[in-house]
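# Working through the structure, step by step
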Amino acid sequence: MSEMLAEKYLRQSTPFCAGCGHGIFMNAFLHAVEEVGLNFRDAVFVSGIGCGAWVPSPHFRADTLHVTHGRAIAFATGVKLTRPELDVIVISGDGDIATIGGNHLIHAARRNVPIKVFCLNNFVYGMTGGQVSATTPQGDITSTTRRGNPEPPFDLVELVRGAGAPYVARFPVAAPRKLIKGITNALRFDQFAFMDVLSLCPTQYGRANRERRGFDGPSLIWSMLEWQKELCVDRQKATSEDAKGKMLTGEWYEKS
Ligand SMILES: Cc1ncc(C[n+]2csc(CCOP(=O)(O)OP(=O)(O)O)c2C)c(N)n1
């Protein structure tokens, strides 16, 4: 991250592990904030519990609410109702937003609450030891699924679109320029906006799935970035054949 961005927007340095995708997201997010001209004095950031929740709090020089696990969207809805003039932005993990907090996610989408939600999806509960979450791919190893996750995951794009969200996007941290563009669009959108940010957790997910996913190159972090690039296909370029077993990336706007 540039010194200018860090000095302007951050109170302190971050505690993320080496190779954590959340730091790449934080950098991309601050670039988008500059691009949009979002004034932190007009914004409130809300996060639940987990490593992803640490992106805004205690780091951003802004008003931040660091609330109970799974309840970030519920608190954010309350803030938006009482102070509609503020930009209310939720940043938290897949465990927080889509697993324990999944109910709040679908109802905020259904109600089109005008908040922005960035879900830092590293496929596990990272902070507490890499347990299975609602986005862990079937067959993957986690600390609570040692023989492979027997359950299918949520596709967060499909889930949130199905719940009625007018803007849904997915971008991987391995494609930072596209990620910045997407965040810029989400921040400028004036209704409910949701982004499935494909993050990376080398410490938990990477180590546990080293053999299964072939993260055995000279560097675990590098292998994970390469794997993430291969996992993603641009929804506008992909045929249904290309999309098999991949994750579609891009933006989906539902016209009202
Ligand atoms: C009600 C409640 N249940 C469980 C916990 C323990 N807990 C803290 S963080 C966390 C996992 C967070 O995972 P995720 O949201 O995916 O974020 P990550 O750490 O992966 O970025 C859990 C289960 C808690 N703090 N509160």
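Here we summarise the structure given alongside this text. Bear in mind the structure is a predicted one, so any value in this text is a computation, not a measurement.

### Re the packing of helix α3 (residues 72–82) against helix α5 (residues 102–111)
In a pair of packed helices, the angle between the axes and the distance between the axes together describe the arrangement. Closest axis-to-axis distance for the α3/α5 pair is 8 Å, and the angle between their directions is 40 degrees. Considering the angle they form, α3 stands oblique to α5. For the pair α3 and α5, contact is made by I73, A74 and T77 and by H104, L105 and A108, respectively. A per-class count over the contact of α3 with α5 returns four nonpolar, two polar and no charged.

### Topic: helix α7 (residues 176–188)
Helix length check: α7 (13 residues) gives 18 Å between terminal C-alpha atoms against 18 Å at 1.5 Å per residue, within 8%. Among the residues of α7, those classed as buried are L179, I180, G182, I183, A186 and L187. The buried residues of α7 all sit within an arc of 165 degrees when viewed along its axis, so they share a single face. Looking at the packing, one finds that the buried side of α7 touches α2 (21–36), β4 (116–121), β7 (167–172), β8 (193–198) and β10 (247–253).

### With respect to the site of the ligand
Taken together, 18 residues sit near the ligand, with G50, G93, G95, D96 and G126 positioned nearest. It is helix α4 (residues 94–100) that contributes the most residues to the shell around the ligand, three residues altogether. Partitioned by chemical class, the residues of the shell around the ligand number six nonpolar, ten polar and two charged.

### Things to note about unusual backbone geometry
With an omega dihedral of 10 degrees, the bond running from S57 to P58 counts as a cis peptide bond. Here P58 shows up in the loop between β1 (43–47) and β2 (63–66). Even without a glycine there, the phi angle at N112 is positive, about 55 degrees. Its location among the elements puts N112 in the loop between α5 and β4. N112 gets classed as partly exposed once you count the C-beta atoms within 10 Å, which come to 16.

### Let's talk about the sheet that holds strand β3 (residues 87–93)
The strand order across the open sheet built from eight strands is β2-β1-β3-β4-β8-β7-β10-β9, with neighbouring strands paired in mixed fashion. Edge positions in the sheet fall to β2 and β9 (232–234), since each has one partner strand and no second. Strand-to-strand, the axes of this sheet are offset by a mean angle of 25 degrees, without reference to chain direction. Examined bridge by bridge, β7 and β10 share four bridges and lie antiparallel to one another. Paired with R170 across the strands is G250, a residue of β10. Contacts from α7 reach β4, β7, β8 and β10, with the element oriented near 160 degrees to β7. Strand contacts of helix α10 (residues 220–231): β7, β8, β9 and β10, with the helix running at about 40 degrees to β9, the strand carrying the most contacts.

Conventions used here
Residues numbered from 1 in each chain as written. Predicted model: local features only at pLDDT ≥ 70, side-chain atom pairs only at ≥ 80, totals over all residues. Axes fitted to C-alpha atoms, helices over the stretch in contact; angles between N-to-C directions. Helix = DSSP H or I, 4+ residues; strand = E, 2+ residues; numbered from the N terminus. Parallel < 35°, antiparallel > 145°, perpendicular 65-115°, else oblique. Contact = placed C-beta atoms within 7 Å. Nonpolar A, V, L, I, M, F, W, Y, C, P; charged D, E, K, R; others polar. Expected span 1.5 Å × (residues − 1). Buried ≥ 20, exposed ≤ 12 C-beta atoms within 10 Å, placed from the backbone. Arc of directions from axis to C-beta. Near = placed C-beta within 6 Å. Pairing = 2+ DSSP bridges.

By themselves these figures say nothing about function.
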